[in-house]
Amino acid sequence: MGRVLRVVVFLGILFALLPAVPAAAAPCEEGNLSDRLKCWTGRLDDDPVTLSLDRALPLEGDKETRAKIIKTIEEHSDKLAVQVPAGVSTGEGGTVLLILAKRENRLVDPDARIDRLQQSTHDELTTFCTEPRKSLCDDLVVQNGKQDPVSGQELISSRRVIEHRSYVADAAENKGSDFEKWLLPATATLLALLLTVFVLVVRRTRTAPATASTARIADEPTRALRTTPARIPRARSATRTGPTHPAVVRTDLHPQGYVELDRVLYRAVWAEPGQAAPPPGSRVDVADGPDQDLLYAFPPAAGRHAHAR
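Report on the accompanying structure.

1. Focus on the pairing of strand 2 (residues 80–84)
Most of strand 2 is tucked away: five of the five residues are buried. Residue alternation in strand 2 divides its side chains into two sets, Leu-80, Val-82 and Val-84 and Ala-81 and Gln-83, and both sets are buried. Pairing between strand 1 (residues 49–52) and strand 2: four bridges, direction parallel. In the sheet register, Leu-51 faces strand 2, and the bridge partner there is Val-82. Two strands pair when backbone bridges link them, and strand 2 and strand 3 (residues 106–108) are joined in this way by three bridges, in the parallel orientation. Residue pairing in the sheet places Val-84 in a bridge with Val-108 of strand 3. Running through helix 4 (residues 91–100), the crossover from strand 2 to the neighbouring parallel element strand 3 is right-handed.

2. Quick word on the nonpolar core
Within the largest apolar cluster, 34 residues are counted, with the highest numbers of intra-cluster contacts made by Val-96, Leu-97 and Leu-125. The leading source of residues in this core is helix 4, at five residues. Val-249, Leu-253, Trp-270 and Val-284 belong to the second-largest nonpolar core, a separate cluster that totals eleven residues.

3. Some thoughts on the state of the cysteines
Taken as a whole and judged by the stated rule, the model has one disulfide. Disulfide partner of Cys-129: Cys-137, at an S-S distance of 2.0 Å. Disulfide Cys-129-Cys-137: the torsion about the S-S bond is -70°, which places it as left-handed. Exposure class is identical for Cys-129 and Cys-137. Each is buried.

What counts, and at which threshold
Residues numbered from 1 in each chain as written. Predicted model: local features only at pLDDT ≥ 70, side-chain atom pairs only at ≥ 80, totals over all residues. Heavy atoms only, no water. Buried < 20%, exposed > 50% of the residue type's maximum accessible area, 1.4 Å probe, protein only. Helix = DSSP H or I, 4+ residues; strand = E, 2+ residues; numbered from the N terminus. Pairing = 2+ DSSP bridges. Right-handed = clockwise from strand over helix to strand, strands pointing away. Core = buried A, V, L, I, M, F, W, Y, C linked by side-chain atoms within 4.5 Å. Disulfide = S-S within 2.5 Å.

Pasting the structure below:
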């Protein structure tokens, strides 16, 4: 029982802590542009995949790596929809995604910010910046030292992107819903109550009288069970004053229990409080007790077996 209790306590603590563990981020939401691109393209099927930029994506790596990224985007441009929510800056990587996507797949909020490309990045896109992308490529490159981002509204007005109003909540301000706030303490409190009840039940079970002995009685092939309450005698030795009969102890005699006599269970009390009562299965001699519903149990007379066969 102690092992079971320890397991239940461990599981209770584990389940109480689960709501506090932050959910793992979706695989496509972590890593640099190259890593995220591999994840996005790995999910492509017959329907386009919408890439919602939650932060600026730089175009990282050496020239060979960048060329590979650009080529991968171009190869899947017909199935990649790029969404730029309000308040988000694209970074060079996000701008490349936006340029290479089809017009109907460029979803931009008026309050989004599209970062300009460095001239070197623009040169890497030259092969792909043909019509109808050329004008967008040329307008989004740093020109004459002008590096300010282009607003989403400006691109919407020029009809080179599709207006799509959306907003990304600031993670610093998003402290969780009211449900999430009370879920953990409520779960922990409920588990604590359940564990308390379980411990109380275990203790009560351990202190319940003659539980195992009662099970033994149920297994015996008896014809009758006399359960009339009887007076418990005082703790002093009794004297054999009448005839005795051999019987078998069926439950612990603490202070009263049951003995089997002629396949019938009788209530009995151990007549020798100065000695340890015999365990169930032992043979005793029984005689009439202080009233007709209670027998005295004595050590067996000499020559009789101490235990039942």
